[in-house]
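Topology and contacts: notes
Below, each chain spelled out in residue letters.
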Amino acid sequence: MRVPDSLCLWAATLLILPGGLCGDWSVLYPQTSICAVPGSTVVIPCSYNYPSKDRLKVNTVMWCINDTDCIADSETKHYVYHSQTPNNRLKFSQRIRYLGNKMDNCTLKITDVGISDQETYRFRFETNDPQGRWVGQPGVTLSVTELKIQMSPTGKLEEVREGDNLNLSCVPEGCSLTQTEFTWFKNGQPLSSPWATENTLRFNPVSSEHAGTYSCALKGHAKTESVMFTLDVRSEFNTLMIAAILGLVLLVSIATLVIYICIRRKKAGQLKGENSRNMKARDVLNNIYDEVLQPNIPESEHMQRTPSEEDEVCYSAVSFPPKTASCQETNDSSVLYSTLKR
């Protein structure tokens, strides 16, 4: 048989066989990996096909997780949606909506996505023929991650000065989103500028007025708001002011220290002079006291005194004017009395 004849026979066989060419059993997932943010809504697009649609009718459609065959015959395998079973998995019962039909559309919608929704989802359909059933492989993997704000260029993370060019981007960690519209917040208030709906805020250049606390969220989904990001912008004017203030504080501190030292020295000098005067006055008083108590007695007589004479007590009373330390006569009525007992 010639080659052209064999090719024609092969093509005719495919057309005769059920499911040949355009009649294949299939499930199509345009996206096999989808990224979502907690609190957002995810739509998993899906379509399916089967042969002999005039003879076969779809009776049951279902979505499942953790199950390659999508049979859900154990505790670890669950249906997310089942057209014949209204009692679906509890955590999905209020958040799952089947947007498809029993013809060719199998799109699934999940609202208020949570971290626990990170699974691989597969679609299965069954027809009125016991052998007419199909599971779409490899399924769709859903990743759920938080939004965060990244600043670029990354070299500006340490310090941002007025006049620098930088961007703030709202991105999920480790994956990319299909949604392109966002809402930006500054200090808790939404930004109303037209450019505030993109995933990137551009500051070209940045100024001190841009300083504040920023966050972002998917537009229309307030629950997806990211963690706060604080943007500090160092103003050149503020830098000079800080330097001037520090210099002034330093000068005041030095002046205060100098004044303190001078006052201490002055007080120390005054105290020293006063102590010197007091010492002189004390010496004068001591001299007068000695002259009163010990009159001039010849040394020979002093040596001849008996012990009993030496034991005699001498009492004296001395009164001096309070403002003079000399022995000169004054008109003061104070009288000097002395009593000597021999």
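Let's talk about the overall build of the chain
Looking only at helices and strands, the chain features five helices and 20 strands. Evaluated residue by residue, the chain yields a buried proportion of 26% over its 342 residues. Contacts in the chain between residues far apart in sequence, at least 24 positions, make up 61% of those at least 6 positions apart. Surface summary for the chain: the accessible area is close to 22,800 Å², and the carbon and sulfur share equals 55%.

Observations regarding the sheet that holds strand β17 (residues 212-218)
Read from one edge of the open sheet, four strands run β15-β14-β17-β18, paired in antiparallel fashion. Two strands bound the open sheet, and with one partner strand each, they are β15 (189-190) and β18 (229-231). Sheet analysis places strand β14 (residues 182-186) next to β17, joined by five bridges and oriented antiparallel. Each bridged residue has a counterpart across the sheet, and for Trp184 the counterpart in β17 is Cys216.

Remarks on the confidence of the model for the chain
For the chain, per-residue confidence averages 76 on the pLDDT scale, and 70% of positions sit at 70 or higher. Residue range residues 324-342 is modelled with pLDDT below 50. Its contacts to residues more than four positions away, or to other chains, number 25 contacts.

Some thoughts on the nonpolar core
Ranked by internal contacts, the top residues of the largest apolar core, which has 28 residues, are Ile44, Tyr48, Trp63, Leu108, Tyr121, Phe123 and Leu142. Of all the secondary-structure elements, those providing two or more residues to this core are β2 (33-36), β3 (42-44), β5 (58-65), β6 (78-82), β7 (96-98), β8 (108-110), β9 (120-127) and β11 (140-144). Tallying contributions element by element places β5 first for this core, with four residues. Among the nonpolar cores identified, the runner-up in size contains 20 residues, and Ile149, Leu166, Cys170 and Ala196 belong to it.

Brief notes about the sheet that holds strand β12 (residues 147-152)
Here three strands make up an open sheet; going across it, the order is β12-β13-β16 and the pairing antiparallel. The sheet is open, and its two edges are formed by β12 and β16 (200-203), each paired on a single side. Across the sheet, the axes of successive neighbouring strands diverge by a mean angle of 15°, strand direction being ignored.

Description of the environment of Ala211
The topology assignment puts Ala211 in the loop between β16 and β17. We classify Ala211 as partly exposed; its relative accessible area is 28%. Separated by 22 residues in the primary sequence, Ala211 and Val233 place their C-alpha atoms 5.5 Å from one another. What Ala211 contacts, discounting residues up to four positions off in sequence, is Lys186, Leu231 and Val233.

Things to note about the environment of Leu142
Tracing the chain through its elements places Leu142 in strand β11. For Leu142, a relative accessible area of 2% corresponds to the buried category. Residues in contact with Leu142, not counting those within four places in the same chain, are Ile34, Ala36, Val42, Ile110, Val113, Asp117, Gln118, Glu119 and Tyr121.

Considerations on the pattern of salt bridges
Applying the stated criterion across every chain, the model contains five salt bridges. As a salt-bridge pair, Asp112 and Lys223 come within 3.8 Å of each other at their nearest N and O atoms. Placement of Asp112 in the loop between β8 and β9 and of Lys223 in the loop between β17 and β18 is noted, with a sequence separation of 111 residues between them. Judged by its relative accessible area of 63%, Lys223 is exposed.

Comments concerning the state of the cysteines
In this structure the tally under the stated criterion is four disulfides. Between the sulfur atoms of Cys35 and its disulfide partner Cys175 the distance amounts to 1.7 Å. In this pair, Cys35 is assigned in strand β2 and Cys175 in the loop between β13 (166-172) and β14, connecting sequence segments 140 residues apart. The disulfide bridge from Cys46 ends at Cys106, spanning 1.8 Å between sulfur atoms. Across the S-S bond linking Cys46 and Cys106, the dihedral sits near -80°, which makes this disulfide left-handed.

Cut-offs and rules
- Residues numbered from 1 in each chain as written.
- Predicted model: local features only at pLDDT ≥ 70, side-chain atom pairs only at ≥ 80, totals over all residues.
- Heavy atoms only, no water.
- Helix = DSSP H or I, 4+ residues; strand = E, 2+ residues; numbered from the N terminus.
- Buried < 20%, exposed > 50% of the residue type's maximum accessible area, 1.4 Å probe, protein only.
- Contact = heavy atoms within 4.5 Å.
- Areas by Shrake-Rupley, 256 points an atom, 1.4 Å probe, with all protein chains shown as cover.
- Pairing = 2+ DSSP bridges.
- pLDDT = per-residue confidence, 0-100.
- Core = buried A, V, L, I, M, F, W, Y, C linked by side-chain atoms within 4.5 Å.
- Axes fitted to C-alpha atoms, helices over the stretch in contact; angles between N-to-C directions.
- Salt bridge = Lys/Arg side-chain N within 4 Å of Asp/Glu carboxyl O.
- Disulfide = S-S within 2.5 Å.

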